[in-house]
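Next come the chains, spelled out residue by residue.
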Amino acid sequence: MKLIFLGAPGAGKGTQAENVQQKLNIPAISTGNILKEAVRNQTPLGLQAKGFMDAGQLVPDELIIGIIKERLSRADCEKGFILDGVPRTVAQAEALDAMGVTIDRVVNIEVPDETIIVRMAGRRACPSCGATYHLDFKPPAVEGICDKCGTALIQRSDDHPDTVKERLKVYHIQTQPLEDYYGKKGILTTVVGQQELSDTTRLTFKALGISE
Ligand code: ADP
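What counts and how
Residues numbered from 1 in each chain as written. Predicted model: local features only at pLDDT ≥ 70, side-chain atom pairs only at ≥ 80, totals over all residues. Heavy atoms only, no water. Near = heavy atom within 4 Å. Polar contact = N/O pair within 3.5 Å; in protein donor to acceptor, adjacent residues only side chain to side chain. Areas by Shrake-Rupley, 256 points an atom, 1.4 Å probe, with all protein chains shown as cover. Nonpolar A, V, L, I, M, F, W, Y, C, P; charged D, E, K, R; others polar. Axes fitted to C-alpha atoms, helices over the stretch in contact; angles between N-to-C directions. Helix = DSSP H or I, 4+ residues; strand = E, 2+ residues; numbered from the N terminus. Parallel < 35°, antiparallel > 145°, perpendicular 65-115°, else oblique. Contact = heavy atoms within 4.5 Å. Buried < 20%, exposed > 50% of the residue type's maximum accessible area, 1.4 Å probe, protein only. Lys, Arg positive; Asp, Glu negative; His and termini not counted. Salt bridge = Lys/Arg side-chain N within 4 Å of Asp/Glu carboxyl O. Arc of directions from axis to C-beta. Core = buried A, V, L, I, M, F, W, Y, C linked by side-chain atoms within 4.5 Å. Phe/Tyr/Trp six-rings, centres within 6.5 Å; stacked < 30°, edge-to-face > 60°.

Asks: Kindly report on the site of the ligand, identifying the contributing residues and their values.
Replies: Neighbouring residues of the ligand: 18 residues in total, closest Thr31, Lys36, Gln57, Arg88 and Arg167. Between the ligand and the protein, one listed contact pairs an oxygen atom with a side-chain N or O atom of lysine 13 at 3.0 Å. Separating a nitrogen atom of the ligand from a side-chain N or O atom of threonine 31 is a distance of 2.8 Å. When the ligand is considered free in solution it has 540 Å² of accessible area, and contact with the protein chains removes 95% of it. Taken together, the residues that form the shell around the ligand break down as seven nonpolar, six polar and five charged.

Dropping the structure here:
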């Protein structure tokens, strides 16, 4: 299965993509995670992307298309994959089409902006290993400390409320048109994000015809 998870920043698509990855045993590919790792390691890609990410803007299409071409050419993608948070522009979607990639289904996770703003305010991340937490929904065992590596947790600069609002604006203008793009192809399913993560997972599995 070749899948795309679409949804605003903080809608929970990454969490759902991970659940489906485990269930179907196909890789979940997050351009956000690839970029964040590149920023942490200060690679040439990371240095180019950082300014855009901190400002809540999208990273230029050419960089993203390059990442995706390289990643999808690897052997573990032969049986299928989940694209989490990519494509985010019509140009990226067209590039996938031009690569000859046939997507089976697009899951669109829908959550109101106000809910997202509240949720993101509680997100915390480990600057060392990249693990993520949430003050209310997924707290670390020891307050403020990463469970995995013991580093002090931070609020990512792109999770600050002003940046979140900017990211949502960018989402509505640049990414939401993909609902139409894939809707017209007849492969879009919208899942309304629920308060309880497990309920969203159930609806996502149902949308994909996967038994729990
Ligand atoms: P979120 O889903 O919380 O927005 P991500 O981890 O997916 O966070 O992405 C973090 C940042 O990386 C985005 O705000 C954006 O700047 C950049 N990014 C990730 N994927 C893409 C993409 N497909 N196109 C452009 N920019 C991207």
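Picking up where we left off.
Asks: I'd like to hear about the packing of helix H5 (residues 90–98) against helix H8 (residues 177–184), residue by residue, with values.
Replies: Their axes nearest at 9 Å, the elements H5 and H8 cross at an angle of 30°. The pairing of H5 with H8 is recorded here as roughly parallel in orientation. Every residue of H8 that contacts H5 at Val90, Ala93, Glu94, Leu96 and Asp97 is listed here: Pro177, Leu178, Tyr181 and Tyr182.

Asks: Which residues make up the side chain of aspartate 61, and what values go with them?
Replies: Positionally, aspartate 61 belongs in helix H4 (residues 61–72). One buried charged residue, aspartate 61, remains without a salt bridge, the closest side chain of opposite sign being arginine 88 at 9.3 Å. Reaching out from aspartate 61, the side chain makes a polar contact with the side chain of glutamine 92 at a distance of 2.9 Å.

Asks: Help me get a handle on the pattern of salt bridges, residues and values and all.
Replies: Counted under the stated rule, the structure contains nine salt bridges. Note that aspartate 76 is salt-bridged to arginine 71, the shortest N-O span being 2.9 Å. Aspartate 76 sits in the partly exposed class, given a relative accessible area of 40%. Residue arginine 71 is classed as buried on the basis of its relative accessible area of 13%. As a salt-bridge pair, lysine 169 and glutamate 166 come within 3.8 Å of each other at their nearest N and O atoms. Of the two residues, lysine 169 and glutamate 166 both sit in helix H7 (residues 161–175), three residues apart, roughly one turn of that helix.

Asks: Help me get a handle on the environment of glutamine 176, residues and values and all.
Replies: Mapping glutamine 176 onto the fold places it in the loop between H7 and H8. Glutamine 176 sits 46 residues away from glycine 130 along the chain, and the two C-alpha atoms are 27 Å apart. Here the side chain of glutamine 176 touches histidine 172 through a polar contact of 2.8 Å, side chain to side chain.

Asks: Now, about helix H9 (residues 197–207): what can you tell me, with residues and values included?
Replies: For H9, the full list of buried residues reads Thr200, Thr201, Thr204 and Phe205. The buried residues of H9 occupy an angular sector of 135° when projected down its axis, which confines them to one face. Looking at the buried side of H9, the elements it contacts are strand E1 (2–7), helix H1 (13–24), strand E4 (105–110) and strand E7 (188–192). After H9 finishes, the residue glycine 209 shows a positive phi value of roughly 70°.

Asks: Before we move on, could you go through the nonpolar core and cite the residues and values that matter?
Replies: Ranked by size, the top nonpolar core spans 45 residues in total, and within it Phe5, Val20, Leu72, Phe81, Leu83, Leu96 and Tyr182 carry the most contacts. Here this core gets five residues from one element, more than from any other, and that element is H4. Apart from residues lying up to four places away in sequence, phenylalanine 81 is in contact with Met1, Lys2, Leu3, Ile26, Pro27, Ile29, Leu72, Val101 and Ile103. In terms of nonpolar packing, the next biggest core, distinct from the first, is built from five residues, Cys126, Tyr133, Cys146 and Leu153 among them.

Asks: Please give an account of the packing of aromatic side chains that cites residues and values.
Replies: Within this structure, the stated rule accounts for one aromatic pair. Both rings, one in tyrosine 181 and one in tyrosine 182, keep their centres 5.0 Å apart while their planes meet at 80°; by these two values the pair is edge-to-face. Neither tyrosine 181 nor tyrosine 182 differs from the other in exposure class; each is buried.

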